[in-house]
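Survey of secondary and tertiary structure
Chain by chain, the residues run as shown.
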Amino acid sequence: VGWRRKTLDDPHFRKHFKFYLLDEAPFRTFDALDCFYAEWKVPPMSSKDRYLYDDRLTLTQRLYLQEVALWPVLRDHPMRTKNKDEAHLFVIGWSPTIMQQLRKRPKKTACDRLPTYAKWEREVADYLRNDPHYKRNKGQDHLIGFTKYGTGVGKEPGGLYDVLNEGSLIMSTDRHFWSVYHNLPKPFRYGNVIIVPYVASTRADDDAPPESFRKDDKKLWYYFRGVYNRRAGSRGKLVDIAQHITGADFGDYRMGRTPEPDLLKSSAERMRHSAVCPCPQGDAPTSGRMFEAIATGCVPIVSSPMHLMKTDLPFPSLVDWDSVALHTESYGMIDGR
């Protein structure tokens, strides 16, 4: 009684909700972002030259650049407040995923204003530990990005691990991926996790209408590129299915450790041609393939455990995922004949 859900369209929510972006020292959010642009020679993601992300970063780098997309939007967002006492949510403008991408730190750029990684992490930990706004709820109203598998923070006594593991709010791509949640187990165990999409290929995230491609080529209906031999996702069943349907363009392919822009461009074009794109799970229940299928207008058929996917897709109160994608426990349940 007295409770009602508030969405982004709720005028009361839009009028009263405020967030505070922790971008000042020691976080140095936009110095870090400018250093990232200089290191990888890429523009902001909103730029017309955003295709350089596909040209210069590998797939496993680009999929986890949520903060690179998010921080510039938050900087000028109408719901941002400069008064901490007004804020309902605090966004920590420091990302271990981004910081670990800053390896060469070219001279005479914004990188010159950044401390060493270890010192930087200690400064952030000391700030949060002593911040009264962080301490009042043990960080549960403070959001930090923790999106890429294998990314960790220092576990020395009193370090950032101890601070965040008290229960901070974690932004991640998957709540059931062991290689992510074992680095900060308590927030994942408590459910203090907000799921966000993987970052789609800039070639897939284009304005070209899918319908125009399908009118040109009516023979291509189903598209998949990926490794068949994976321990989950029943990918091997796609070989059997392809033998019983017309218009299947399925291929066994493993992405390399270097950028492959030509492959990403051709895949985006073929996905726009296609009507249906199988999206099996990878090492985690979710994968970036589903979001690229959506970006190109190709209906995803997701193969993943349903009891996990119910809580593993972003923004469930805003997106009706059953109307966006088809879901199955296994492609073995689909009779291609």
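Residues numbered from 1 in each chain as written. Predicted model: local features only at pLDDT ≥ 70, side-chain atom pairs only at ≥ 80, totals over all residues. Heavy atoms only, no water.

With an omega of 10°, the peptide bond running from Ala-25 to Pro-26 counts as cis. Summarising the element assignment, Pro-26 is placed in the loop between strand 1 (19–22) and helix 2 (29–40). Unusually for a residue other than glycine, Arg-28 sits at a positive phi of about 55°. The phi dihedral of Arg-105 falls on the positive side, at around 50°, and the residue is not glycine. (Helix = DSSP H or I, 4+ residues; strand = E, 2+ residues; numbered from the N terminus.)

As a further point, take a nonpolar patch on the surface. A contiguous nonpolar surface patch, about 240 Å² in accessible area, is contributed by Ile-194, Phe-315 and Leu-318. Considering the arrangement of structural elements, one finds Ile-194 in strand 5 (residues 193–195). (Patch = residues over 30% accessible without salt bridge, like charges linked within 9 Å, V, L, I, M, F, W, Y side chains within 5 Å. Areas by Shrake-Rupley, 256 points an atom, 1.4 Å probe, with all protein chains shown as cover. Salt bridge = Lys/Arg side-chain N within 4 Å of Asp/Glu carboxyl O.)

Bringing helix 7 (residues 117–130) into the picture now. Over its 14 residues, helix 7 runs 20 Å from end to end, which matches the ideal 20 Å to within 8%, given 1.5 Å per residue. Inspection of helix 7 places Trp-120, Glu-121, Val-124, Ala-125 and Leu-128 among the buried residues, and these make up the whole buried set. Relative to the axis of helix 7, the buried residues are bounded by an arc of 135° and lie together on one face. (Expected span 1.5 Å × (residues − 1). Buried < 20%, exposed > 50% of the residue type's maximum accessible area, 1.4 Å probe, protein only. Arc of directions from axis to C-beta.)

In this section: the packing of helix 14 (residues 261–273) against helix 15 (residues 288–296). Following both chains from N to C, one finds helix 14 and helix 15 inclined at 60°, their axes separated by 9 Å at the closest point. Considering their axes alone, helix 14 and helix 15 lie oblique with respect to each other. When the axes of helix 14 and helix 15 are compared, the crossing they make is right-handed. Across the interface between the two elements, Ala-268, Met-271 and Arg-272 of helix 14 pack against Arg-289, Glu-292, Ala-293 and Thr-296 of helix 15. Partitioning the contact of helix 14 with helix 15 into residue classes produces three nonpolar, one polar and three charged. (Axes fitted to C-alpha atoms, helices over the stretch in contact; angles between N-to-C directions. Parallel < 35°, antiparallel > 145°, perpendicular 65-115°, else oblique. Left-handed = near helix turned anticlockwise from the far one by under 90°. Contact = heavy atoms within 4.5 Å. Nonpolar A, V, L, I, M, F, W, Y, C, P; charged D, E, K, R; others polar.)

For helix 14, which comprises 13 residues, the first-to-last C-alpha distance of 19 Å matches the rise-based estimate of 18 Å (1.5 Å per residue) to within 8%. Taken as a whole, helix 14 has its buried residues at Leu-264, Ser-267, Ala-268, Met-271, Arg-272 and His-273.

Taken as a whole and assessed by the stated rule, the structure comprises twelve aromatic pairs. The aromatic ring of Tyr-51 is capped on one face by Arg-50, whose charged end is 5.3 Å from the ring centroid. Stacked on the ring of Phe-30, the Lys or Arg Arg-75 has its end atom at 4.0 Å from the ring centre. (Phe/Tyr/Trp six-rings, centres within 6.5 Å; stacked < 30°, edge-to-face > 60°. Lys NZ or Arg CZ within 6 Å of the ring centre and 35° of its normal.)

Time to look at the state of the cysteines. Scanning all chains against the criterion turns up two disulfides. If one numbers only the bonded cysteines of the protein chain, in the order they occur, the disulfide pattern is 1-2, 3-4. The structure places no disulfide on Cys-279, whose sulfur is separated from the nearest cysteine sulfur, that of Cys-277, by 6.1 Å. Take Cys-279: its relative accessible area is 2%, and that puts it in the buried class. (Disulfide = S-S within 2.5 Å.)

The full count for this structure, using the stated rule, is twelve salt bridges. The partner of Asp-249 in a salt bridge is Arg-270, and the shortest N-O contact between them spans 2.6 Å. One end of the pair, Asp-249, is in strand 7 (residues 248–252); the other, Arg-270, is in helix 14, with 21 residues separating them in the sequence. According to the relative accessible area criterion, Asp-249 is buried, its value standing at 14%. A cluster of three or more residues bridged by salt bridges with shared partners is formed by Asp-54, Arg-62 and Glu-292.

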